[in-house]
Amino acid sequence: MNELNLLNNLFDVIDADCVLPGLNIKKTCQGPKVDVKENKEAYTLEMDLPGKTDKDIDIELNRNVLTISSEIKSAKEEKIEEKADKKEEKKDEVKWLIRERSFAKFSRSFTLPEDVDGENLSANVKNGVLTVTMPRRAPVTPKKIEVTCA
């Protein structure tokens, strides 16, 4: 068992409501779910990103490490101007009862296999699923070097 599995299992065992009621540690610490598959031509990564568009997602490849991230901040609330008479109620004042969608941020990194052709990666998002296709390079074949007499 590696360290990552140990950490994931730890969060499976913890009963977060006993520690901090109302805080679900498992949901708070998890990033988007990912599936990775391969065939002879390419690797394919699929990540669940419900509600995200192509403008919300950043993908970067740096030294064979693929990083997928997103950050969305809530729309700025309109400021309500103070009225001269403070006894008068503000007509457009909003009172939040539940506000869970104000901020979302994640970043996940994946070390790619050596045979990935980093120059030809492609990504698209459709129906809340990001698909990153990583074509494989042709395998390097041994080269025969001819020896000559000097």
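A sheet is described by the order of its strands in space; here four strands give the open sequence β1-β2-β7-β6, paired in antiparallel fashion. For this open sheet the edge positions go to β1 (34–38) and β6 (122–126), each flanked by a neighbour on one side alone. Adjacent strand axes in the sheet meet at a mean angle of 15 degrees when their direction is disregarded. Alignment of β6 against strand β7 (residues 129–135), held across five bridges, turns out to be antiparallel. Within the sheet, the bridge partner assigned to A123 lies in β7 and is V132.

Let us now look at the side chain of K52. Take K52: it is sitting in the loop between β2 (42–48) and β3 (57–62). In this structure, K52 is buried with no salt-bridge partner, the nearest side chain bearing the opposite charge being D56 at 5.9 Å. A polar contact is formed between the side chain of K52 and the side chain of S70, at a distance of 3.4 Å. Those residues within four positions of K52 in sequence are excluded, and the remaining contacts are I57, S70, I72, A104, F106 and V125.

Turning next to the nonpolar core. One finds L45, M47, I68, L130, V132 and M134 to be the most contacted residues of the largest nonpolar core, which totals 14 residues. Sorting the residues of this core by element identifies β2, β4 (65–73), β5 (103–111) and β7 as the ones contributing at least two each. Other than its neighbours up to four places away in sequence, L45 contacts V34, D35, V36, I68, F110, L130, T131, V132 and M134.

What follows covers unusual backbone geometry. Leaving glycine aside, a negative phi is the common case for residues, and trans is the common case for peptide bonds. Even without a glycine there, the phi angle at R63 is positive, about 50 degrees. In this structure, R63 sits in the loop between β3 and β4. You will see that N127, though not glycine, has its phi angle at about 55 degrees, which is positive. Assignment of secondary structure puts N127 in the loop between β6 and β7.

What counts, and at which threshold
Residues numbered from 1 in each chain as written. Predicted model: local features only at pLDDT ≥ 70, side-chain atom pairs only at ≥ 80, totals over all residues. Heavy atoms only, no water. Pairing = 2+ DSSP bridges. Helix = DSSP H or I, 4+ residues; strand = E, 2+ residues; numbered from the N terminus. Axes fitted to C-alpha atoms, helices over the stretch in contact; angles between N-to-C directions. Buried < 20%, exposed > 50% of the residue type's maximum accessible area, 1.4 Å probe, protein only. Lys, Arg positive; Asp, Glu negative; His and termini not counted. Salt bridge = Lys/Arg side-chain N within 4 Å of Asp/Glu carboxyl O. Polar contact = N/O pair within 3.5 Å; in protein donor to acceptor, adjacent residues only side chain to side chain. Contact = heavy atoms within 4.5 Å. Core = buried A, V, L, I, M, F, W, Y, C linked by side-chain atoms within 4.5 Å.

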